[in-house]
Structure formats: structure tokens, C-alpha cells
Amino acid sequence: VTKEQKRRMAEWAALLLILENRSKRAMSAAMRLPLALPAIGGTRAHVEMAMRTAGRKAITAVRSHARDVARTHWVKTSGVSVQTDVSVKSADEARAATSSDSLARQWSEKRNAALIDGKSEAEASQAASDAIESAVERTAVTEAADALNAEIARANADARARGYKVTETWNAILDSRTCEECFYRDGQQRVAPDFFDPPPVHARCRCVLVTEIEG
Ligand SMILES: [Zn+2]
């Protein structure tokens, strides 16, 4: 691994970290917003529905932003232009709906359990939000990492189709939290026509594909 490659890996890792932090804040805020609804006359059903909508919008925004950041940095570092693809937007929206529905369902289950425990409506809603917080954060960081890598992989595929020699290097952040699988893949390379099935390989995976292109 050259000094230049190391610098690139560090840049991508930093971008992922920034995206993940931003994503966590946005998701957490979006999923707590519906808690204010009962104060203005919203029912239980309203809160859950609003949670699904807020979560879906937040995840879609997270993914769209991560793709923009990935594409901009990819173009800047490769010097190769790449087309945007409108079809990824509907795929991202479908994925966002699934994740958001799952979080809202978890929230409802926790709230119902708290109500059975004798908590008030407001207390139960708050307790449910606290209980799903780590699931919300896990979704936020995983969606950011997934969209970032999906866009890198898409740009790489576009470049391969146009005849560029594309080299992908798997870059895991190596620390005490790195799992065996990601540790094993770190530094591995695929040269066109070969390519990786992009990270994340598990929830909270912090791996990034780093690309090198020759004409
Ligand atoms: Zn990983």
C-alpha cells in the first residue's frame, strides 16, 4: 500500500465518519418528532404513522446525501466523470420505507408493553423512544455506510463498462471493534473485470471500498 493509497483510505474513512454522525443526529431527531403530536391532539395511530413517515424521509435524505458525497469525492479523486442514476432513488426509497416501518413497529411494541406495565400514555411513548434509540442509531450508521459504498460500487461499474481499469481495495477501520470478517478483508483488492460485493457486511460495518482508475 503506497502513501497515496493510505491518504485516500483515510479520506474515505473520515467522510464515512462524518456521514454517520450526521445521519445519527438526523434519524434520532426525526424519530422523536412525532412524540409532540399528542400535545396538539394527535392520537396513538397518528404518532405511529408520523413515525413511519418521518423515518422514511430521514433515511431517504441520509442515503441521498451519502450518495452525493460519495459521487463528488469519487469524481474528484478519479478525474473520471460519472452519470447520476435516477433509478437508485426509488430503490433507496423502498429500502427506507422497510427500515422505517420496522423501527415504528418496534416503537409500538415497546409502547404497548409500557402501557401494560401501567405507564401513562406520555411516559410509555417516551420509554419506547428511549428503548429503540440504539436501533435507530444502528439503522442510521448502516444506511449511511450502505449508500456511500453502493454509490462507489455504482461509479466503479460505470467506469468498468466504459473500459477503465478499475481497482477496488477493501478498507476496514482497524480497531478493537473490527470484526474478524472485516479484518480479514482489509487490504484485499479486486481488479476489473473482478469487483467486490460492496460493504457493509453487517450492521455498524465501517468498511469502505477505495477505488483506483487507470484509463
Ligand atoms: Zn466491515
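This is a predicted model, so every value here is computed, not measured.

Explain the coordination of the zinc ion to me, using residue names and the numbers behind them.
Protein-derived ligands of the zinc ion are Cys182 (SG), Cys205 (SG) and Cys207 (SG), with the metal-ligand distances lying across 2.1 to 2.3 Å. Binding-site remark: the zinc ion is held by donors from one chain whose sequence spacing is C-x22-C-x1-C. Within this pair, whereas Cys182 is found in helix α5 (residues 180-185), its partner Cys205 is found in the loop between β2 (189-191) and β3 (208-214), the two being separated by 23 residues in sequence. Taking relative accessible area as the criterion, Cys182 reaches 3% and is therefore assigned buried.

Summarise the side chain of Glu133; cite the residues concerned and give the values.
Its location among the elements puts Glu133 in helix α4 (residues 121-161). Reaching out from Glu133, the side chain makes a polar contact with the side chain of Ser28 at a distance of 2.8 Å. When residues no more than four places from it in sequence are discounted, the contact partners of Glu133 are Ser28 and Arg32.

Explain the pattern of salt bridges to me, and be specific about the residues and the numbers.
In this structure the tally under the stated criterion is 23 salt bridges. In this structure, the salt-bridge partner of Glu151 is Arg154, at a minimum N-O distance of 2.8 Å. Of this pair, Glu151 and Arg154 both sit in helix α4, separated by three residues, roughly a single helical turn. Connected via shared salt-bridge partners are Arg63, Arg67, Asp68, Arg71, Asp92, Arg95, Glu143, Asp146, Glu151 and Arg154.

Definitions and cut-offs
Residues numbered from 1 in each chain as written. Predicted model: local features only at pLDDT ≥ 70, side-chain atom pairs only at ≥ 80, totals over all residues. Heavy atoms only, no water. Donors = N, O, S within 2.8 Å, 3.2 Å for Na, K, Ca; no water. Helix = DSSP H or I, 4+ residues; strand = E, 2+ residues; numbered from the N terminus. Buried < 20%, exposed > 50% of the residue type's maximum accessible area, 1.4 Å probe, protein only. Polar contact = N/O pair within 3.5 Å; in protein donor to acceptor, adjacent residues only side chain to side chain. Contact = heavy atoms within 4.5 Å. Salt bridge = Lys/Arg side-chain N within 4 Å of Asp/Glu carboxyl O.

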